[in-house]
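# Observations on chain architecture
Given next are the chains, with one letter for each unit.
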2 protein chains.
Amino acid sequence: MSTAGRRVGRPRASPRPESGLSAREELLAAASELFTSRGYAATSTRAVAERAGMRQATMYHYFAGKEDLLAALLEGTVTPSLTLARGLLEDDGAGAGERPAPAEARLWYLCRSDVELLCGGPHNLGGLYLLPEIRTERFADFGRVRGELKCAYGKLLAATASCGSLGTGELRLRTDLVFGLIESVILVHRSAPDRSVQVFASATADAALRVAGVPEEDLAAVREAAGTLSRPAG
Amino acid sequence: MSTAGRRVGRPRASPRPESGLSAREELLAAASELFTSRGYAATSTRAVAERAGMRQATMYHYFAGKEDLLAALLEGTVTPSLTLARGLLEDDGAGAGERPAPAEARLWYLCRSDVELLCGGPHNLGGLYLLPEIRTERFADFGRVRGELKCAYGKLLAATASCGSLGTGELRLRTDLVFGLIESVILVHRSAPDRSVQVFASATADAALRVAGVPEEDLAAVREAAGTLSRPAG
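Residues numbered from 1 in each chain as written. Chains lettered and ligands numbered in written order. Predicted model: local features only at pLDDT ≥ 70, side-chain atom pairs only at ≥ 80, totals over all residues.

## Focus on the overall build of chain A
- Helix and strand content of chain A: 11 helices and zero strands.
- Taken over 234 residues, chain A has a buried fraction of 41%.
- Across chain A, contacts joining residues at least 24 apart in sequence account for 74% of those joining residues at least 6 apart. (Helix = DSSP H or I, 4+ residues; strand = E, 2+ residues; numbered from the N terminus. Buried ≥ 20, exposed ≤ 12 C-beta atoms within 10 Å, placed from the backbone. Contact = placed C-beta atoms within 7 Å.)

Structure follows, in structure tokens:
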């Protein structure tokens, strides 16, 4: 392949035909690759623009800088799960005239989807969660969305039979452990990248239910009930 | 306090009296603080030496460079747990004339100790696990020790009643999930740094046993049996 198409300084008016991505998506894909392989601190905006095959000036049309790219990538790891979690929380049967799915099944469904999201991309974006840079005000939105997602996990947990009677502190601890288990896939999946994401996501959802205290003999029924759920309209 | 004692260029022959740490320990403490607060890439060896109150040339007497400091810090997060795990694996009663502690109790004990180690220091060293830099050959020792530690978790899991009949692939998956849960404290503890490490470590060990499939009603007995264990001689 000729390198001319990636030469810095050459303006681009349309997405690279071979990827079908928009310019914004190409920039995010390039940042995702470089931040996780070279490291965030070691990556320049110029390198990101180059990798996406566009001029740095064009990049600034989409992102104000490196922090903006990182913020967009981080938010992409939590926003879809928060949208799903909100739908599952509303799906408590009130007004629908139908019996709602048990909280255990909704929790299982959320866990599996969240793991699929965290492991689904080509790069381990979760690794960016631990960058010292993200403690700054610029990334407060990411922290807020992640906090809301954890809160939604807590509400689903509180609605399960096994956690329903826990005190506030105990429920918070259990929520932290379940949420931690889900986010730990960031570390785990990397160690066995060849394992099917589907198998791994289901097994992690099982494990999350076990942490919630759901008895082993109930898991099959929970999985079956979760199978009847469909992704709520975002 | 005068800043003279920290001035770069002033040779030091003895540890800083106020800390009681050796020069090597002071360097590791300084690196730990700076790598986790400023980031690894953004920290120079000169900054580490300065923070430790010694000359850069003196630092090179103890560490060949920044990678050496990082390797020592990373290995410190896994080596003590591996030593413990080996002791617990040997403690299977063979030749001791006594009934060994159940595998469940030994696993609980390892989990709690490991969490205490990971959360015990003043800085979140686990965050360094995800640095892209550590994929290089220089950090192969850390990867090896961490792999051996995971393997020890797997052996203890295989010896439990609930995991004893799992196939190889299933046992590996369960091991990954338990090990992931333990390492997830890196992310979780940061979100609630005021919670007692002891309470959190015990709760995480409970959760690990739940992931292993130990029934809820057996957990109290497992904790009690773990209470009779003492740290094997390393």
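## Quick notes on helix α1 (residues 23–37) of chain B
All names here are of chain B.
- With 15 residues, α1 extends 21 Å from end C-alpha to end C-alpha; this agrees with the ideal 21 Å at 1.5 Å per step.
- Those residues of α1 not exposed but buried are E26, L27, L28, A30, A31, S32, L34, F35 and T36.
- Buried residues belonging to α1 abut α2 (45–51), α3 (56–62) and α4 (66–76).
- Following α1 by one or two positions, G39 adopts a phi angle in the positive range, close to 105 degrees. (Expected span 1.5 Å × (residues − 1).)

## Side note on the interface of chain A and chain B
- Contact residues are listed per partner, giving 32 residues for chain A and 32 residues for chain B.
- Contributions of two or more residues to the side of chain A that touches chain B are made by α1 (23–37), α8 (168–183), α9 (185–191) and α10 (197–211) of chain A.
- For the side of chain A that touches chain B, the per-class residue count stands at 17 nonpolar, nine polar and six charged. (Nonpolar A, V, L, I, M, F, W, Y, C, P; charged D, E, K, R; others polar.)

## What about the domain arrangement of chain A?
Residue and element names in this part refer to chain A.
- Assigned domains of chain A: these are domain 1 (4–65) and domain 2 (77–227).
- At the junction of the two partners, domain 1 supplies five residues and domain 2 supplies eight residues.
- A class-by-class count of the residues in the side of domain 1 that touches domain 2 yields two nonpolar, two polar and one charged. (Domains from an automatic or database assignment.)

## Re the confidence of the model for chain A
Residue and element names in this part refer to chain A.
- In the predicted model, chain A carries a mean pLDDT of 87, and 86% of its residues have values of at least 70.
- Residue range residues 1–11 is modelled with pLDDT below 50. Its contacts to residues more than four positions away, or to other chains, number eight contacts.
- The complex model carries a pTM of 0.85, and its ipTM stands at 0.83. (pLDDT = per-residue confidence, 0-100.)

## Description of the environment of B:A41
- In this fold, B:A41 is placed in the loop between α1 and α2.
- Between the C-alpha atom of B:A41 and that of B:M54, which follows or precedes it by 13 residues, the distance is 21 Å.
- Apart from the residues within four sequence positions on either side, B:A41 is in contact with A:G39, A:A41 and A:A42.

## Re the relation of the copies chain A and chain B
- Superposing chain A onto chain B takes a rotation of 180 degrees plus a shift of 0.0 Å along the axis, which leaves an RMSD of 0.0 Å. Those values place the two copies in the arrangement expected of a two-fold rotation axis.
- Residue by residue, 100% of the interface of chain A is reproduced at the interface of chain B, so both copies engage with the same surface. (Least-squares fit on C-alpha atoms with pLDDT ≥ 70 in both.)

## A short note on the packing of helix α7 (residues 140–158) of chain A against α8(A)
Residues and elements named next belong to chain A.
- Interhelical geometry of α7 versus α8 gives an angle of 120 degrees and a closest axis separation of 9 Å. Along this stretch, α7 crosses α8, giving a crossing that reads as right-handed. Contact residues: α7 offers K150, Y153, G154, L157 and A158, while α8 offers L171, R174, T175, V178 and F179.
- The class makeup of the residues in the contact of α7 with α8 is six nonpolar, two polar and two charged. (Axes fitted to C-alpha atoms, helices over the stretch in contact; angles between N-to-C directions. Left-handed = near helix turned anticlockwise from the far one by under 90°.)

## Quick notes on the nonpolar core
- Residues A:V178, A:A208, B:V178 and B:A208 are the most contacted members of the largest nonpolar core, which totals 133 residues.
- Setting aside residues no more than four positions away along its own chain, A:A208 makes contact with A:C111, A:V178, A:L181 and A:I182. (Core = buried A, V, L, I, M, F, W, Y, C linked by C-beta atoms within 7 Å.)

## What about helix α5 (residues 79–90) of chain A?
Residues and elements named next belong to chain A.
- Here α5 spans 17 Å end to end across 12 residues, near enough to the 16 Å set by a 1.5 Å rise per residue.
- For α5, the complete set of buried residues consists of S81, L82, L84, A85 and L88. Axial view of α5: buried residues confined to an arc of 160 degrees, hence all on one face.
- On its buried face, α5 sits against α6 (103–120) and α7. (Arc of directions from axis to C-beta.)

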